[in-house]
Amino acid sequence: MKRWIGFMMALTMVMLSVMQAAAAPVERSLTELGTWKAEGNVQTLEQKENANEAGTGIALLSSGYLPTATSSWDHRLLYGSSVTIEKGKTYQMVVKLKSASSVATNVTLQGMILNNRPEAYKGYTLVTPSASIKDKAIYMMGESTYSAADSQWQTIRTGTVTVKDILDKSNNSVTSMQVVPQMYLLTGQTASLGFYIEKLEFLEVDDGKKTLSVSTAEHGKVLEGESDVTGSSIRVSDGGSKTFTLVPDDGYEVDRVIYGEEEDYTAEIPVDNNNQITLDNITSDCSLTVTFRKIPVTQAVVNQAAVVQGSFQGTDGNTYRGFTTYVKVTKPDAWEWNQMEYGIVLGRVDGQGQSVSLKGNQATEDGNFGIRVYGAEFQAGNSYSVQGYAQKAPEESDTVVRSEQGTVTVAGE
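Conventions we followed
Residues numbered from 1 in each chain as written. Predicted model: local features only at pLDDT ≥ 70, side-chain atom pairs only at ≥ 80, totals over all residues. Heavy atoms only, no water. 1 Å grid on protein atoms, 1.4 Å probe; cavity = no way out; pocket = protein on both sides within 12 Å on 5 of 7 lines; lining within 4 Å. Points joined across faces, edges and corners; volume = space filled by probe spheres on them. Helix = DSSP H or I, 4+ residues; strand = E, 2+ residues; numbered from the N terminus. Nonpolar A, V, L, I, M, F, W, Y, C, P; charged D, E, K, R; others polar. Pairing = 2+ DSSP bridges. Salt bridge = Lys/Arg side-chain N within 4 Å of Asp/Glu carboxyl O. Buried < 20%, exposed > 50% of the residue type's maximum accessible area, 1.4 Å probe, protein only. Core = buried A, V, L, I, M, F, W, Y, C linked by side-chain atoms within 4.5 Å. Phe/Tyr/Trp six-rings, centres within 6.5 Å; stacked < 30°, edge-to-face > 60°.

If you add up the space inside the largest pocket, you get close to 290 Å³. Lining the largest pocket are 13 residues, and of these Pro 129, Glu 224, Ser 233, Ile 234 and Arg 235 lie nearest its centre. Those elements that place two or more of their residues in the lining of the largest pocket are strand E22 (227–228) and strand E23 (233–236). Broken down by element, the residue count for the lining of the largest pocket peaks at three residues, all from E23. Here the lining of the largest pocket is built from residues that sort into four nonpolar, three polar and six charged. Size it by volume and the second largest pocket reaches roughly 220 Å³. Every residue along the wall of the second largest pocket is listed here: Lys 294, Val 297, Lys 328, Val 329, Thr 330, Lys 331, Asp 333, Trp 337, Glu 365, Asp 366 and Gly 367. Broken down by element, the residue count for the lining of the second largest pocket peaks at three residues, all from strand E30 (residues 319–330).

Set out below in structure tokens:
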């Protein structure tokens, strides 16, 4: 009992949502009955051949039967040998058992897997439709409850769960990993209870659904509803359809959408005005690849981002009023920063003096720059017009583009 309690405390267990099994699934057992071992309040795990007692199977018993329990819940844990699970596959647990006692109590069957066993797979992450689990015991298959006082054989199935993705220790997507399946029984009594088990299997279940693999994409993502499914595998009912929304990053647009059901066949899918696509009549495993491209810029855009006032120390050591104007230039693809001219045009609103062009330099890669002006000219109450500009080259004034003109009034004390 202490070993089981310590085992439970050492694990963080996460309950996942359960997806019920489809009708008449095609099943492949990944375990054999004789490979399961016992932990917890179990003193005897025997092979039984007597059909009158347990059929052909194992008896999950204890001598006497169970030792004194320290909890109102009594646990019997069985764990199998390691099995390989794969991305895109669906799994389930089934057990055929009956009670070896007449004690009236409900018994809860829970199926789990450990994705931190074997040791070589510690650090791997299992991604299901509802969660991403790393190095934890997972209640991956829900639970079923029956009365232990019922001496009839009962076949109980857990729900199913689909492996959406598997991430290795470096967070790279891989196709498979090994895990250790577990089944345990929780009883609401501390009295002696035992079980005969004729069948206990960890199953790979083919529920008839198809796997749609969505490739990873740079500069954008693929949404199903509000869920980001980029780089994941999606299960689709045979003959079903899926609708996706393609969301480019800022400054990018959808380039191509390629859909293929066979290695030697792909088709380019049209995208509607809402950046949505619909894949109809999916009848086999298939893939979806979306690429995004940078939106071509053909015209310059100049925006005056902000004007910030302040006091600044001049080279003569005196402090003067002034302000800093921040401008953003989006240049056409054909323009080069090292050949362009950009800056601000500054003038007095009252018409005194002439407007002057002040050139900027060292704009950031995304086109941001600032120009600071200060001096004795900038007295409190004086108002100035400020306008950002950019042109392809100093000698090409016919290419100049200007921002909207702003006004700044020098603040007083």
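On we go.
This part takes up the sheet that holds strand E24 (residues 240–248). With respect to topology, four strands assemble into an open sheet ordered E22-E21-E24-E27, the strand pairing being antiparallel. At either end of the open sheet lies a strand with only one pairing partner, and these are E22 and strand E27 (276–282). In terms of strand pairing, E24 meets E27 through five bridges, oriented antiparallel. Paired with Lys 242 across the bridge in E27 is Leu 279.

The full count for this structure, using the stated rule, is ten salt bridges. The partner of Glu 86 in a salt bridge is Lys 89, and the shortest N-O contact between them spans 3.5 Å. As a salt-bridge pair, Lys 89 and Glu 204 come within 3.6 Å of each other at their nearest N and O atoms. Of this pair, Lys 89 sits in the loop between strand E7 (83–86) and strand E8 (90–99) while Glu 204 sits in strand E19 (residues 195–206), placing them 115 residues apart in sequence. Judged by its relative accessible area of 28%, Lys 89 is partly exposed. Among the residues examined, Glu 204 registers a relative accessible area of 13% and is labelled buried. One network of salt bridges, in which partners are shared, links Glu 86, Lys 89 and Glu 204.

Our next topic: the nonpolar core. Side chains that are nonpolar tend, in soluble globular proteins, to be buried together. Core analysis: the largest hydrophobic core is formed by 21 residues, its most contacted members being Ile 85, Leu 126, Met 177, Met 183, Ile 197, Leu 200 and Phe 202. Only E7, E8, strand E18 (176–187) and E19 provide two or more residues apiece to this core. The leading source of residues in this core is E8, at four residues. Of all hydrophobic cores here, the second largest spans 20 residues; its members include Leu 212, Ala 217, Leu 246 and Leu 288.

Here we come to the packing of aromatic side chains. This structure, assessed with the given rule, holds eight aromatic pairs. Centre to centre, the rings of Tyr 121 and Tyr 124 are 5.0 Å apart; their planes meet at 65 degrees, and the pair counts as edge-to-face. Ring plane angle 85 degrees and centroid distance 5.7 Å describe the contact between Phe 323 and Phe 378, whose orientation is recorded as edge-to-face. In this pair, Phe 323 sits in strand E30 while Phe 378 sits in the loop between strand E33 (368–374) and strand E34 (383–391), placing the two residues 55 residues apart along the sequence. With a relative accessible area of 8%, Phe 378 lands in the buried category. In this structure an aromatic cluster arises from ring pairing among Phe 323, Phe 378 and Tyr 384.

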